[in-house]
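For reference, the chains in residue letters:
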Amino acid sequence: MARVIAGMTMSLDGFVANDAGAPEGLYPDLAALQGSTYMNDLIAATDAVIMGRGSFEMAEDPDVLADAYEFQVPIFVLTHHPPARAPKENGRISFTFVTDGIDSAVRQARAAAGDGGVTVVGGPALISELLAAGHVDELHVDVMPVFLGRGKPFFANEALRGVRLEKLPTVEVGDRTSLRFRVLR
């Protein structure tokens, strides 16, 4: 069965975005990550994606994802309302808009990934919901050495209190420290 890997980049004080919702200061290395071993390993380990609607809507024109998005795999977008027009697909990337909840999205993504990996691309609410429901196998927390002072926290969900983690090896990429954990059941 496919492994579900969820993660985000956060500031040292635990925020994934500032008060305006922008991830300022968290991705100064974005260009350097493209084509890096770190990014290539993540792409190679991804056979399907679970994506939040907000992440999907970050692309002004979702049709560009068919040729430009790093994950050229089936993508399952969690949403209450699918878009009026389906985005372009190219034979590798496909979009399924899941309106019946996270359990369905995880089931569909795992089936599409087979024995491979499912990467979660979403915000802290989606990742927290998946963690609390027991759907995440690995959690990756990339920490950048910046303080935002305030903003959108990564882990602000009390339902996570019972989630148990086992530390995996840490990965260093430039200024980025990737903390990795196995989620225990």
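Scroll up a little and you will see the structure.
Scoring rules and cut-offs
- Residues numbered from 1 in each chain as written.
- Predicted model: local features only at pLDDT ≥ 70, side-chain atom pairs only at ≥ 80, totals over all residues.
- Heavy atoms only, no water.
- Salt bridge = Lys/Arg side-chain N within 4 Å of Asp/Glu carboxyl O.
- Helix = DSSP H or I, 4+ residues; strand = E, 2+ residues; numbered from the N terminus.
- Buried < 20%, exposed > 50% of the residue type's maximum accessible area, 1.4 Å probe, protein only.
- Pairing = 2+ DSSP bridges.
- Axes fitted to C-alpha atoms, helices over the stretch in contact; angles between N-to-C directions.
- Core = buried A, V, L, I, M, F, W, Y, C linked by side-chain atoms within 4.5 Å.
- Contact = heavy atoms within 4.5 Å.
- Phe/Tyr/Trp six-rings, centres within 6.5 Å; stacked < 30°, edge-to-face > 60°.

Draft legend 1. Spotlight on the pattern of salt bridges. A complete count under the given rule lists eleven salt bridges for this structure. D137 is the partner of R110 in a salt bridge, and the nearest nitrogen-oxygen pair spans 3.3 Å. Here R110 is found in helix α5 (residues 102-113), whereas its partner D137 is found in the loop between α6 (124-132) and β7 (138-144), with 27 residues between them in sequence. On the basis of relative accessibility, which here comes to 14%, the residue R110 falls in the buried class. Overall, D137 belongs to the buried group, its relative accessible area being 19%. Residues D142 and R176 are paired through a salt bridge, measuring 3.3 Å at the closest nitrogen-oxygen approach. Of this pair, D142 sits in strand β7 while R176 sits in strand β10 (residues 176-184); the two residues are 34 residues apart in sequence, bridging distant segments of the chain. When sorted by exposure, D142 lands in the same class as R176, which is buried.

Draft legend 2. Here's a closer look at the sheet that holds strand β4 (residues 74-78). The strand order β5-β4-β3-β6-β1-β7-β10-β9 describes an open sheet built from eight strands, whose pairing is mixed. Each edge of the open sheet carries a strand with a single partner, namely β5 (94-98) and β9 (164-173). Strand-to-strand twist of the sheet, defined as the mean angle between neighbouring strand axes without regard to direction, takes the value 25°. In this structure, β4 lies alongside β5, joined through five bridges in parallel fashion. In the strand pairing of β5, L78 is matched with V98.

Draft legend 3. View of the nonpolar core. With 30 residues, the main nonpolar core has I50, V118, V120 and I127 as its most contacted residues. Per-element tally for this core: the top contributor is α5, with five residues. When residues no more than four places from it in sequence are discounted, the contact partners of I50 are F76, L78, A105, V106, A109, V118, T119, V120 and V121. If you look at the next biggest cluster of nonpolar residues, it comprises 14 residues, including V49, A66, V77 and F97.

Draft legend 4. Looking closely at the packing of aromatic side chains. Within the structure shown, the criterion is met by four aromatic pairs. Measuring from centroid to centroid gives 5.9 Å for F56 and F95, while their planes differ by 65°, and the two rings are edge-to-face. A residue pair is termed long-range when its members are at least 10 positions apart, and F56 in helix α3 (residues 53-56) and F95 in strand β5 qualify at 39 residues. Here the two residues F56 and F95 agree in accessibility, since each one is buried. Here the aromatic rings of F56 and F97 are separated by 5.2 Å at their centres, their planes lie at 80°, and the arrangement is edge-to-face. Placement of F56 in helix α3 and of F97 in strand β5 is noted, with a sequence separation of 41 residues between them. Taken as a pair, F56 and F97 share a single burial class, namely buried. An aromatic cluster is present here, built from F56, F95 and F97 joined pairwise through their rings.

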